[in-house]
Every structure is written in C-alpha cells, then in structure tokens.
Amino acid sequence: MPDSPRAPSAHITRALLLILLASLALKLALVWAVRDMGCLADECDYLLLAQRLAFGEGFQEIRGYLWPPGYVGFLAGCLDLFGPHRFVPRLIQVGLSTVTVFAVFVIARRFHGERTALLAAALVAFYPNLIAFSHLLWSETLYIFLSITAL
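Bear in mind that the values here come from a model prediction, so they are computed numbers and not experimental data.

Asker: Explain the packing of aromatic side chains here, please?
Answerer: The relation between two aromatic rings is expressed through the spacing of the ring centres and the mutual angle of the planes. Within this structure, the stated rule accounts for four aromatic pairs. Plain terms: the ring middles of W32 and F87 are 6.1 Å apart, the flat faces sit at 80° to each other, and that makes the pair edge-to-face. Here W32, found in helix α1 (residues 10–33), pairs with F87, found in helix α4 (residues 87–112); they are 55 residues apart in sequence, far enough to count as distant. Accessibility expressed as a relative area gives 28% for F87, which makes it partly exposed. For the ring pair Y71 and F74, a centre distance of 5.6 Å and an interplane angle of 35° mean the geometry is tilted. One end of the pair is Y71 and the other is F74, both in helix α3 (residues 69–82) and three residues apart, which spans about a single turn. Of the two residues, Y71 and F74, both sit in the buried class. One Lys or Arg, R35, reaches over the ring of W32 and ends 4.0 Å from the middle of that ring.

Written out as structure tokens, the structure is:
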C-alpha cells in the first residue's frame, strides 16, 4: 500500500491559504465590478445557446459553429436553477477557478515539491487571462477546472 502524502509544512500551508484567499478576493471584486456589464463577444453566443437549450430547443449552431456543448450546458443549468442572471455563473466560475489553483498545488507538490507547487499555484491564481476567464462567461474556466481535476 503506498504511503499517504504528508501534510504541507505550516509556512507553505499559510502561504497557500494566502494565495487562495487573495485570488478569491480579487476575482470576487471583479465579478462585482462587472455585475451589470452586458455580454462580450463569445459570451453573447454562449448565452443565446444556453437560453435555447434551457427552453428545450436543444444544442444548435450559430454562424456555422457548434459551440462547446459542455459550457452551454453549464450555462443552461444555471439559467434553469437561478434565472437569467449572469452573476451566478460568474460566482460559480470564481469557485471553480479557486479549486483549480488548489488542485494545481496538489499535483505540482506530488511531483516537484512544496516550493515549486506554491509557485505554480501562485502563477495560476494570478495569471491575468485566468483571472479574466473566471469573471467573464467564457468556457476556459470550466474546461481548465475539469482538465486539472481529472489529473
């Protein structure tokens, strides 16, 4: 039976907690800042497709493209459960991105040690594109979360 991994050292645990909380606070502030913003680019298409799916019209294409059905399904589920508010899926994405940061730490720690894992977590927590993906309705946050947690 393999040995169970030991707990991270106290200073690494504190640093990771600080990274997670700072990342979460930044992303929540951005979700609040864009709460009344209209949709942008792909967001508009995702929302239209999610509305169609939520209203029973099934998956459809727009401009000849079949958009990522997993993300459209995620948005349609949010519409069904929480109504037409973009705020809720954005909050969920912030949670998913925070869990992704932790998952990156766990994976990196397993293969490269605590210090490298902490650096990897910080890079994922504060990389500008990943921050933007978490408060805009783009598919990247969901698919990155699913990919990393599958590892």
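Asker: Please explain the packing of α4 against helix α7 (residues 140–150) as it appears in this structure.
Answerer: For any two helices packed against each other, the geometry comes down to the angle between their axes and how far apart the axes lie. Following both chains from N to C, one finds α4 and α7 inclined at 30°, their axes separated by 9 Å at the closest point. By the angle between their directions, the pair α4 and α7 is classed as roughly parallel. Relative to α7, the crossing made by α4 is left-handed. Between α4 and α7, the contacting residues are Q93, L96, S97, V99, T100, A103, V104 and I107 on the first element and T141, L142, I144, F145, I148 and T149 on the second. Looking at side-chain class alone, the contact of α4 with α7 contains nine nonpolar, five polar and no charged residues.

Asker: What is the right way to look at the state of the cysteines in this model?
Answerer: Each disulfide consists of one covalent bond between the sulfur atoms belonging to two cysteines. Summed over the entire model, instances satisfying the criterion amount to one disulfide. Between the sulfur atoms of C39 and its disulfide mate C44 the distance is 2.0 Å. The sign of the S-S torsion, about 100°, decides the handedness of the disulfide formed by C39 and C44: right-handed. Taking the relative accessible area as the measure of exposure, C44 reaches 28% and is therefore partly exposed. A disulfide-free cysteine, C78 has its sulfur positioned 16 Å from the sulfur of C39, the nearest such atom.

Calculation criteria
- Residues numbered from 1 in each chain as written.
- Predicted model: local features only at pLDDT ≥ 70, side-chain atom pairs only at ≥ 80, totals over all residues.
- Heavy atoms only, no water.
- Phe/Tyr/Trp six-rings, centres within 6.5 Å; stacked < 30°, edge-to-face > 60°.
- Helix = DSSP H or I, 4+ residues; strand = E, 2+ residues; numbered from the N terminus.
- Buried < 20%, exposed > 50% of the residue type's maximum accessible area, 1.4 Å probe, protein only.
- Lys NZ or Arg CZ within 6 Å of the ring centre and 35° of its normal.
- Axes fitted to C-alpha atoms, helices over the stretch in contact; angles between N-to-C directions.
- Parallel < 35°, antiparallel > 145°, perpendicular 65-115°, else oblique.
- Left-handed = near helix turned anticlockwise from the far one by under 90°.
- Contact = heavy atoms within 4.5 Å.
- Nonpolar A, V, L, I, M, F, W, Y, C, P; charged D, E, K, R; others polar.
- Disulfide = S-S within 2.5 Å.

Note that every value here comes from positions in space, so none of it alone points to a role or purpose.
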